[in-house]
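Overview (structure and organization)
So the chains spell out like this:
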Amino acid sequence: MLNYMKKVASMEQELSVDERNLLSVAYKNTVGTRRTAWRALSSIEQKEEAKSSKYLKLLKEYKSAIEKELNTYCDDIIEVLSQKLIPKSEGNYEANVFYLKMKGDYFRYISEYAVDDQHKTVSESSLQAYTKASEIANEELKTTHPIRLGLALNFSVFHYEVMNDPTTACQLAKDAFDKAIADIEHLEEDVYKDATTIMQLIRDNLTLWTSELSQGNDDEEN
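**As for the overall build of the chain**
- Of the regular secondary structure elements, the chain holds 8 helices and 0 strands.
- Of the regular secondary structure in the chain, the N- to C-terminal order runs α-α-α-α-α-α-α-α.
- Taking 17 Å as the expected radius of gyration for a compact globule of 222 residues, we find that the chain reaches 19 Å, a close match to that expectation.
- Judged by the C-alpha coordinates and their principal axes, the chain covers about 60 × 55 × 30 Å.
- Across the 222 residues in the chain, those meeting the buried criterion constitute 43%.
- The long-range fraction of contacts in the chain, counting pairs at least 24 apart against all pairs at least 6 apart in sequence, stands at 67%.
- Working note: accessible area of the chain is about 12,800 Å², and carbon and sulfur atoms make up 50% of it.

Following this line, the structure appears as structure tokens:
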């Protein structure tokens with residue numbers, strides 16, 4: 001499916017909404033399983049390091065192999081987005097925001113395991129893509145649009161996890177949630193489920209992050 005959707009994305013015509021979603025699912029499934037495996041290996045590695053395990057070398061090699069696969073798939077979709085899909089979608093604000101968000105997402109995925117200069121480079125690239133997407137979304141898409149809400153969700157996660165900036169993450173999430181709530185009466189029926197599901201995820205993150213910030217402030221005072 002992934003190879004087929006990559007060929008479709010590389011054609012000259014603009015993708016339909018269904019094709020766009022299929023492309024996203026194809027790469028998300030392929031990369032998602034490897035992200036999950038990498039996290040599991042990292043957790044095992046920490047425990048094995050504490051025991052000076054004889055399996056540590058094997059674990060590191062396996063984790064490195066997964067990182068190479070992640071690099072391959074992430075670089076692959078980033079190239080398609082940068083060279084084909086984003087330029088072709090200029091003027092179609094919904095599609096343009098969708099692709100810029102995807103670009104930010106896949107640079108963020110690389111940042112989860114990248115170190116040193118590579119981490120800095122991919123983090124900056126992710127920030128640029130998310131920022132550009134947000135500028136367009138805030139100007140052209142409704143506050144309750146699922147793509148705009150999904151962008152706010154992922155951009156706030158980026159600030160929290162990659163930039164280690166929970167304050168900005170909370171501000172971004174709160175702003176998106178409050179604006180969507182204010183306009184929820186005008187939410188179209190065909191996007192109601194998607195929009196409210198994303199809003200719930202934003203609120204869940206906001207609740208968790210606000211609690212952690214409050215706990216951190218209490219610890220500093222004590």
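**Notes on the confidence of the model for the chain**
- Confidence in the prediction of the chain, expressed as mean pLDDT, is 92, and 97% of residues score 70 or more.
- Per-element mean pLDDT across the chain ranges from 84 in helix α1 (residues 2–9) up to 98 in helix α4 (residues 93–111).

**Regarding the nonpolar core**
- Counting 44 residues, the largest nonpolar core has L23, I77, L85, V97, Y99 and Y106 as the members making the most contacts within it.
- Residue assignment for this core shows that the elements contributing at least two residues are α1, α2 (17–50), α3 (56–88), α4, α5 (116–140) and α6 (146–162).
- For L85, the residues in contact, after removing those within four places along its chain, are A9, L15, L23, V80 and Y99.
- Grouped together as the second largest cluster of nonpolar side chains are 15 residues, C170, A173, L187 and L206 included.

**What about unusual backbone geometry?**
- Even without being a glycine, S52 presents a positive backbone phi close to 50 degrees.
- With relative accessibility at 63%, the residue S52 sits in the exposed group.
- For N164, which is not glycine, the phi torsion reads 55 degrees and is therefore positive.
- With respect to the helices, strands and loops of the structure, N164 is situated in the loop between α6 and α7 (166–182).
- Overall, N164 belongs to the exposed group, its relative accessible area being 61%.

**Remarks on the packing of aromatic side chains**
- One pass over the full model with this rule turns up 7 aromatic pairs.
- Between the aromatic rings of W38 and Y113, the centroid separation amounts to 6.3 Å while the plane-to-plane angle is 50 degrees, which identifies the pairing as tilted. In this pair, W38 sits in helix α2 while Y113 sits in the loop between α4 and α5, placing the two residues 75 residues apart along the sequence.
- Through a chain of ring-to-ring contacts, the aromatic side chains of Y130, F155 and F158 assemble into a single cluster.
- Directly above the ring of F98 sits R20, whose terminal nitrogen or CZ lies 4.9 Å from the centroid.

**Some details on the packing of α4 against α5**
- Between α4 and α5, the shortest axis-to-axis distance is 8 Å and the interhelical angle comes to 160 degrees. As judged from the angle between their axes, α4 and α5 are roughly antiparallel. Handedness of the crossing formed by α4 with α5: left-handed.
- Its residues placed into classes, the contact of α4 with α5 shows 11 nonpolar, 8 polar and 6 charged.

Each value, and the rule that gives it
- Residues numbered from 1 in each chain as written.
- Predicted model: local features only at pLDDT ≥ 70, side-chain atom pairs only at ≥ 80, totals over all residues.
- Heavy atoms only, no water.
- Helix = DSSP H or I, 4+ residues; strand = E, 2+ residues; numbered from the N terminus.
- Rg over C-alpha atoms; globule rule 2.2 N^0.38 Å.
- Buried < 20%, exposed > 50% of the residue type's maximum accessible area, 1.4 Å probe, protein only.
- Contact = heavy atoms within 4.5 Å.
- Areas by Shrake-Rupley, 256 points an atom, 1.4 Å probe, with all protein chains shown as cover.
- pLDDT = per-residue confidence, 0-100.
- Core = buried A, V, L, I, M, F, W, Y, C linked by side-chain atoms within 4.5 Å.
- Phe/Tyr/Trp six-rings, centres within 6.5 Å; stacked < 30°, edge-to-face > 60°.
- Lys NZ or Arg CZ within 6 Å of the ring centre and 35° of its normal.
- Axes fitted to C-alpha atoms, helices over the stretch in contact; angles between N-to-C directions.
- Parallel < 35°, antiparallel > 145°, perpendicular 65-115°, else oblique.
- Left-handed = near helix turned anticlockwise from the far one by under 90°.
- Nonpolar A, V, L, I, M, F, W, Y, C, P; charged D, E, K, R; others polar.

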